Structures are given as structure tokens and as C-alpha cells.
Amino acid sequence: MIVRHAKKNLIGLTLEQVKHELQAAPTVKPYTALQIWQHMYRHGSTSFRTMTNLPTTLRDHLHSHYTLDYGHVQSDQTSVDGTRKWLVGFNDPRAVVESVLIPEPKRHTLCVSSQIGCSLRCSFCHTGTQKLLRNLTAGEIVGQVMLAAHGVRQFEQQGQNSITRKKLLSHMVFMGQGEPLYNPRQVFQAIQVLTDRQGLQWPKQKITVSTSGVVPLIPKISELGVALAISLHATRNSLRDVLVPLNKTFPMETLMDACTQYARDSNGQRITFEYVMLDGVNDSMGEARDLVKLLKQLPAHVNLIPFNPWPGSIYKTSKPEQVERFAETVQNGGIYCTVRRPRGQDILAACGQLRSSEERKRATAAAAAL
Ligand code: SF4
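1. A look at the overall build of the protein chain
Here is step 1 of the chain: Scanning the protein chain for helices and strands turns up 11 helices and 14 strands.
Here is step 2 of the chain: Counting the 370 residues in the protein chain, one finds 41% classified as buried.

Right, dumping it as C-alpha cells:
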């Protein structure tokens, strides 16, 4: 009987780990790992066969023992407003996540997932209705970025000069499915790969980790040098306990202390506070004033997010004029405040919606086949 061993994926390993993998490979020189690394991340190579500056014996060895696997695109949809959403599948049929690219005039932001499903059950969030299946690996996180980079033909621009080259992916947020700080090892390794100066070279300040408030790991965000976003959504514990149940473990006082410390440690790096606008729940002018009091000592950016309704949700989105008044009150209180425009509604761009919709379609097809 022939026993086939699964090939190991090099995507998501750090450069040091790639070097370690090459110890048993033939015809390896001190610079070989770096050559492979640059093929992977400077040129977006998806096959060892195309790495023609490597000896054939080494290419054959790599081909038989390793893969360059980003995951596979199950669906690729573009909204009328330009928002693009990929449904990305990994090793088993249920391992599916979403990545969303939001093009804006001055930035193109890729939103990636860090877990399949989520255990935190924030009551306004559609992903919170999907139980946690597992954490993503660093390779699956980096894979989402690589698929998006190929999707927008980023690597095809390498030869162009800086004037003609477009910023196709400029910012990245861990704001898709899952709580990134509940998968810290893999998320931090993925950040190390993405920011490697000899590879993809993502600027650290252009990567944001968004957390619902895993307080003990917030210092690690400043240590990594990446930006911090807090999924806040309320100004008092009694309401935040309902909207973001993790608040019962790490209440607002401890969360605000951690943010103050982050601001000190990161030399005043701005912290984004996400605030989903829920009609009659958290959108009063009193709450806008409380938000100002809560954040006035911090380098805060409040991002108001009109709620994107999903089937079965108990919340309604705040009226546009209420959102405007709320934003004005926060802004007049001296805090930088923006309102996120709803994006990609025609392609189910609210986090987790497309994955649920595809699962429903699969279940219906399976039932019809019985
Ligand atoms: S908001 Fe984030 S942490 Fe909360 S349920 Fe949704 S994905 Fe999970």
C-alpha cells in the first residue's frame, strides 16, 4: 500500500520557519530561503515550477513535499458600489470564511477573518449566530490576503513605476468573522509574515486589529506596532453586557484602562472605536454625550456604523438624521467622528451573511437530492 503524506503549506510560515523547512532539501544555499520567500510574496508565485532561478532538483523536492496553498475562492462577487466579497474555502467543506475589499477614494481596505464562526455572540452581529468551528491558521489568514492581492492583480503591477502603480490593497483590518485576540498565536504570526520587509512589506500602521475587548492582549497590539480598534457599541456596562457579552468578563473600566495604556505605549496612536447605530437602543443624544465623556482623554476616532439588518435580527438601523445628529454631538465634543457608509448591501456584505446564505443554499440542495 502506498502511504501518501500531506504536503506542508509554506504560506503563513515565517521566513525563519521556511529556512528551517529547507534543512533537509538538496542544493540549498544560504540565500535560497529568501529567494523562495520573494517568489512567494514579492511575485505571488503559486507554483515552485515557476521559480526558475532555483536548481531543478530543489524545485522537484519542493514540489513533492510542499504546497503554496491560499485556500480556494468559492464565490467572488462585486457590489454595484465596488465592494468585493470573496467566500474562501479551506480543507473541509464547512471551513469557509469571508474576506471583503472596500474601495474608497483614498484607501482600499481588505477586511479578513480570523476564525470560522465566533464564540462571542455579540447580539447585533450575524457572525455571532454561527457557532465557532475553529481558529484559522496563519496560512489561512495570509491566504485571504494573497487571494485578494491576486484578485485585484496586485502582483502584475510589480514592474510598473510608482506613478503608474495603483494602490490596490492599502489597508487591512481584522474585522471579518471571529475575534482575532481569541486566536492570537496565528493572527500574530500572520502579521509577522505580512509585515516582513523582505516579503509583502505591509506597513504596520496600515493593519488594524479589531477586538471586542480581550483586555489582557491589548498590550501585545502596541508591542506589534499595529493599530487598534475596539468594538465598543455602548457607553455603560448594563447595555454593553447585552450587545457584547464579553463585557461581563472585561467590563468597560478595565477596557478603557487598557486603551489608555495602549495610547501611552504607542505614542498616541489613534484608537478607532466602532459604534453600531441601533434604533432606540444606543443612539440617543445622551449616549452621544456619554461617549464624549468616556473617550475625551484618548486619541479616539469614533466610527459610527449604521446597522446592516440581517434576517432574524432583533435590531433596526437608526434613522439617518439620528446618525447625523449623533455624529455632530460627538464631533462637537472634540472627538473625531466618521459615519461608515453602508457598503455592498446587494452582495450580503454584513459580516457572516454570505457564508450563511451559501450554507442555506447547500443545505437546500442536499435536502432536494434526498
Ligand atoms: S462582533 Fe466580532 S466578536 Fe462579536 S460575534 Fe461578531 S465576529 Fe464575534
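2. Considering the nonpolar core
Here is step 1 of the chain: Ranked by internal contacts, the top residues of the largest apolar core, which has 90 residues, are V142, L194, L228, M277 and V302.
Here is step 2 of the chain: By residue number, the principal contributor to this core is helix α4 (residues 138-151), which donates six residues.
Here is step 3 of the chain: Two domains each donate at least three residues to this core, and these are domain 1 (8-67) and domain 2 (72-156 + 163-361).
Here is step 4 of the chain: Ignoring anything within four residues of it in the chain, the contact list for L228 reads V209, I218, I221, Y262 and I271.

3. Structural notes on the sheet that holds strand β14 (residues 336-339)
Within a sheet, adjacent strands bond to each other through the backbone by hydrogen bonds, running parallel or antiparallel.
Here is step 1 of the chain: Here 10 strands make up an open sheet; going across it, the order is β3-β4-β5-β6-β9-β10-β11-β12-β13-β14 and the pairing mixed. The strands lining the two open edges of the sheet, one partner per strand, are β3 (72-78) and β14. Strand-to-strand twist of the sheet, defined as the mean angle between neighbouring strand axes without regard to direction, takes the value 20 degrees.
Here is step 2 of the chain: In the sheet, β3 pairs with strand β4 (residues 84-89) via six bridges, with the strands oriented antiparallel. Looking at β4, one finds that H72 is bridged to G89.

4. Observations regarding the packing of helix α9 (residues 285-295) against helix α10 (residues 320-332)
Here is step 1 of the chain: Where α9 meets α10, the axes come as close as 9 Å, and the angle between the chain directions of the two elements is 30 degrees. The orientation of α9 relative to α10 falls into the category roughly parallel. The two elements α9 and α10 meet at a crossing, and its hand is right-handed. Residue-level contacts link M285, A288, R289, L291 and V292 of α9 to R325, F326, T329 and V330 of α10.
Here is step 2 of the chain: Of the residues in the contact of α9 with α10, the class split is six nonpolar, one polar and two charged.

5. Here we look at the site of the ligand
Here is step 1 of the chain: Around the ligand, a shell composed of C118, L120, R121, C122, C125, T127, G128, Q177, G178, E179, S212 and S231 is seen.
Here is step 2 of the chain: Partitioned by chemical class, the residues of the shell around the ligand number four nonpolar, six polar and two charged.

6. Focus: the packing of α4 against helix α5 (residues 184-195)
Here is step 1 of the chain: One way to put it is that α4 packs onto α5 with a least axis distance of 8 Å and a crossing angle of 45 degrees. When the axis of α4 is compared with that of α5, the two are oblique. In this structure, α4 crosses over α5, and the sense of that crossing is right-handed. Residue-level contacts link A138, I141, V142 and V145 of α4 to Q186, V187, Q189, A190, V193 and L194 of α5.
Here is step 2 of the chain: In terms of residue class, the contact of α4 with α5 is built from eight nonpolar, two polar and no charged.

Calculation rules
- Residues numbered from 1 in each chain as written.
- Predicted model: local features only at pLDDT ≥ 70, side-chain atom pairs only at ≥ 80, totals over all residues.
- Helix = DSSP H or I, 4+ residues; strand = E, 2+ residues; numbered from the N terminus.
- Buried ≥ 20, exposed ≤ 12 C-beta atoms within 10 Å, placed from the backbone.
- Core = buried A, V, L, I, M, F, W, Y, C linked by C-beta atoms within 7 Å.
- Domains from an automatic or database assignment.
- Contact = placed C-beta atoms within 7 Å.
- Pairing = 2+ DSSP bridges.
- Axes fitted to C-alpha atoms, helices over the stretch in contact; angles between N-to-C directions.
- Parallel < 35°, antiparallel > 145°, perpendicular 65-115°, else oblique.
- Left-handed = near helix turned anticlockwise from the far one by under 90°.
- Nonpolar A, V, L, I, M, F, W, Y, C, P; charged D, E, K, R; others polar.
- Near = placed C-beta within 6 Å.

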